[in-house]
Amino acid sequence: MKRIIFLFFIFSFSKVQGQNSFANKEYDNWLSSAVANLNQADFYFVGQAHGNQANIIIERDLLLSLNYKFNVQYYILEYGQSLAFLLNQYLETGQDSILNFINSKGNFDLVKTIKDFNDTVPDLRKIKFFGVDFENRLDGKWTKKAIEIISDKIKLASNQPLQILLNAVINQEPKSEKENLI
């Protein structure tokens, strides 16, 4: 059974350096010691103090330690599914343009560390993001981009009803896109 970790963290766009070594010694720290004392569970809930630069280090070490010990693969974000989709696209492709689109000044050390980690493990251990918050942040900027990527991938004819709906969402003015999503 796959394990899920609920880390309700707002992405911190502050400057913190992440480590990119994934040898077992990476997990030999106080957070992995804490994880070593945990029992296997379906969910792990972790809180955070917002605006704290240590969050990225804590998130990374907890997530990697939980993945190593329990094969935790799902990182639940306090953002909408569209942002999670875009982050997963980055994990698959490594295209920095996706991260720049999300936030050109953002610190994505955690996401890049997860990308580097995923590149070293089999598919059954790869970490993925899921969003659980509302979708209309930044007037739907991330939602439109996610739908645009999906539209490009499925390659429907322009006269197909689903493609017409997708185009309506992609091309709508920010405040009126909700009409096509309801």
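See the structure printed just above.
Visitor: How would you explain the overall build of the protein if you had to name every residue and give the values?
Guide: Each helix and strand counted, the protein has eight helices and four strands in total. Going from the N terminus to the C terminus, the protein shows its helices and strands as β-α-β-α-β-α-α-α-β-α-α-α. A buried classification covers 44% of the 182 residues belonging to the protein. Counting contacts in the protein only where the partners sit at least 6 residues apart, residues at least 24 apart contribute 77% of the total.

Visitor: Tell me what's going on with the layout of surface pockets, and back it up with residues and numbers.
Guide: The computed volume of the largest pocket comes to approximately 160 Å³. Lining the largest pocket are Asn 88, Leu 91, Glu 92, Asn 118, Asp 119, Asp 123, Lys 126, Ile 127 and Lys 128. It is helix α3 (residues 81-93) that contributes the most residues to the lining of the largest pocket, three residues altogether. In the lining of the largest pocket, the residues fall into two nonpolar, two polar and five charged.

Visitor: Requested: an account of the packing of helix α6 (residues 141-154) against helix α7 (residues 161-171), with residues and values cited.
Guide: Two numbers describe how α6 lies on α7: the axes approach to 9 Å, and their chain directions differ by 150 degrees. By the angle between their axes, α6 is roughly antiparallel relative to α7. Two packed elements cross with a definite hand, and for α6 against α7 that hand is left-handed. Of α7, the residues touching α6 (which contributes Lys 144, Ile 147, Glu 148, Ser 151 and Ile 154) are Leu 162, Gln 163, Leu 166, Asn 167, Val 169 and Ile 170. Partitioned by chemical class, the residues of the contact of α6 with α7 number six nonpolar, three polar and two charged.

Visitor: How would you sum up the nonpolar core? Please name residues and give values.
Guide: Judged by nonpolar contacts, the single largest core of 34 residues is most densely connected at Leu 86, Leu 87, Ile 102, Val 111 and Phe 129. Of all the elements in the fold, those that place two or more residues in this core are α1 (30-36), α2 (54-70), β3 (72-77), α3, α4 (96-102), α5 (109-118) and α6. Considering every element that reaches this core, the biggest residue donor is α3, with seven residues. Those residues in contact with Ile 102 that lie beyond four places of it in its chain are Leu 83, Leu 86, Leu 87, Phe 108, Lys 141 and Trp 142.

Visitor: Just give me the short version of α5, but keep the residues and values in it.
Guide: Most of α5 is tucked away: eight of the ten residues are buried. For α5, every residue scored as buried is listed here: Asp 109, Leu 110, Val 111, Thr 113, Ile 114, Lys 115, Phe 117 and Asn 118. For α5, the elements touching its buried residues are α2, β3, α3, α4 and β4 (128-131).

Visitor: Got a sec to walk through a nonpolar patch on the surface? Specific residues and values, please.
Guide: There is a patch of nonpolar side chains on the surface, built from Ile 150, Ile 154, Leu 156, Leu 162 and Leu 165 and spanning about 370 Å² of accessible area. Among the structural elements, Leu 162 can be located in helix α7. Residue Leu 162 is classed as partly exposed on the basis of its relative accessible area of 44%.

Visitor: So what's going on with α7? Residues and values would help.
Guide: Taken together, the buried positions of α7 are occupied by Gln 163, Leu 166, Val 169 and Ile 170. Along α7, the residues classed as buried sweep out an arc of 125 degrees about the axis, all on the same side. Facing away from the buried side of α7, by more than 90 degrees, are the exposed residues Pro 161 and Asn 171.

Visitor: Account for unusual backbone geometry, naming residues and giving values.
Guide: One non-glycine residue, Asn 71, lies in the positive phi region at around 60 degrees. Mapped onto the elements, Asn 71 comes out in the loop between α2 and β3. Not every positive phi belongs to a glycine, and Lys 155 is a case in point at roughly 50 degrees. Among the secondary structure elements, Lys 155 is positioned in the loop between α6 and α7.

Criteria and thresholds
- Residues numbered from 1 in each chain as written.
- Predicted model: local features only at pLDDT ≥ 70, side-chain atom pairs only at ≥ 80, totals over all residues.
- Heavy atoms only, no water.
- Helix = DSSP H or I, 4+ residues; strand = E, 2+ residues; numbered from the N terminus.
- Buried < 20%, exposed > 50% of the residue type's maximum accessible area, 1.4 Å probe, protein only.
- Contact = heavy atoms within 4.5 Å.
- 1 Å grid on protein atoms, 1.4 Å probe; cavity = no way out; pocket = protein on both sides within 12 Å on 5 of 7 lines; lining within 4 Å.
- Points joined across faces, edges and corners; volume = space filled by probe spheres on them.
- Nonpolar A, V, L, I, M, F, W, Y, C, P; charged D, E, K, R; others polar.
- Axes fitted to C-alpha atoms, helices over the stretch in contact; angles between N-to-C directions.
- Parallel < 35°, antiparallel > 145°, perpendicular 65-115°, else oblique.
- Left-handed = near helix turned anticlockwise from the far one by under 90°.
- Core = buried A, V, L, I, M, F, W, Y, C linked by side-chain atoms within 4.5 Å.
- Patch = residues over 30% accessible without salt bridge, like charges linked within 9 Å, V, L, I, M, F, W, Y side chains within 5 Å.
- Areas by Shrake-Rupley, 256 points an atom, 1.4 Å probe, with all protein chains shown as cover.
- Salt bridge = Lys/Arg side-chain N within 4 Å of Asp/Glu carboxyl O.
- Arc of directions from axis to C-beta.

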